[in-house]
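Summary of structural features
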Amino acid sequence: MASPFPPSTVSGSGASSVTDFLSRDHRLCDELLAAVEDGVGKGDWERAVRRFQDFRKALEHHLDMEEKVLFPAFEAATGMDHGPTFVMRGEHEQMRELMAELAEAAEAKDADGFLGRSETLNVLVQQHNMKEEQMLYPMADDALGVESAEVLDGMRRLPQ
Ligand SMILES: [Fe+2]
């Protein structure tokens, strides 16, 4: 039966494991943030703001794929609902707060304020991504087994 959903445009659409799919999406978000910082560093606010909107949308979508699809499936498969996903959800909230502060700094064209917070966000994201890529995603792939195809499908179908 043909899928009623259009092909995914997110990175990692050809991936066959949770680890591969979401790790590739991490790299995409990293590249988008680097492009924003480049625009701010050059004082090109118009471009920087457009790039920031792209980055924010991509990171929000990534967090949504985890919170709405992967984490509930992981929690159901492992019975661990106050384990790693609880910690990851808390860090996602910190990322959202920093993105809101970045939006304010961009609005005010405050380059120092923006770059200071983007560095904080980048450190948080890198530490968070390492925990996910080295621990949570491989655990999810193991725990989900054949179900991981369904979870990948669910993440691909989540609206951007
Ligand atoms: Fe995450």
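Notes on the structure follow. (Residues numbered from 1 in each chain as written. Predicted model: local features only at pLDDT ≥ 70, side-chain atom pairs only at ≥ 80, totals over all residues. Heavy atoms only, no water.)

1. Some details on the pattern of salt bridges
Quick note on the threshold: Within this document, salt bridges are pairs made up of a side-chain nitrogen of Lys or Arg and a carboxyl oxygen of Asp or Glu, the two lying within 4 Å of each other. Helix numbering and strand numbering both begin at the N terminus, where a helix is a DSSP run of H or I of at least 4 residues and a strand a DSSP run of E of at least 2. Using a 1.4 Å probe on the protein chains alone, a residue whose accessible area is under 20% of its type maximum counts as buried, one over 50% counts as exposed, and one in between counts as partly exposed.
Here the structure, examined in full by the defined rule, presents 16 salt bridges. The shortest N-O distance in the salt bridge between Lys68 and Asp64 comes to 3.5 Å. Here the residue Lys68 and the residue Asp64 both occupy positions in helix H2 (residues 45-78), the gap between them amounting to four residues, near one helical turn. Its relative accessible area of 54% is what places Lys68 among the exposed residues. Between Glu93 and Arg96 there is a salt bridge whose closest N-O contact spans 2.9 Å. Pair noted here: Glu93 and Arg96 are both in helix H3 (residues 84-107), with a separation of three residues, about one helical turn.

2. Looking at the coordination of the iron ion
Our working definition: Water is not part of the atom set, so a site may look incomplete; the donors themselves are N, O and S atoms within 2.8 Å of the metal, or 3.2 Å for Na, K and Ca. Four donors are marked tetrahedral only if all angles between them lie between 85 and 135 degrees, whereas four are marked square planar and six octahedral if opposite donors are more than 155 degrees apart and the other angles lie between 65 and 115; the remainder are marked irregular.
Those protein atoms acting as donors to the iron ion are Glu66 (OE), His92 (NE2), His128 (NE2) and Glu132 (OE), and they sit at 1.9 to 2.2 Å. Metal-centred angles of 84 to 175° between the four donor atoms at the iron ion mark the site as irregular.

3. Overview of the side chain of Asp141
This is how it is decided: Throughout, a residue-residue contact means that at least one pair of heavy atoms, one from each residue, lies within 4.5 Å.
Counting through the fold element by element, Asp141 comes out in helix H4 (residues 111-144). Leave out the neighbours within four places in its chain, and Asp141 touches Ser17, Val18, Thr19 and Ser148.

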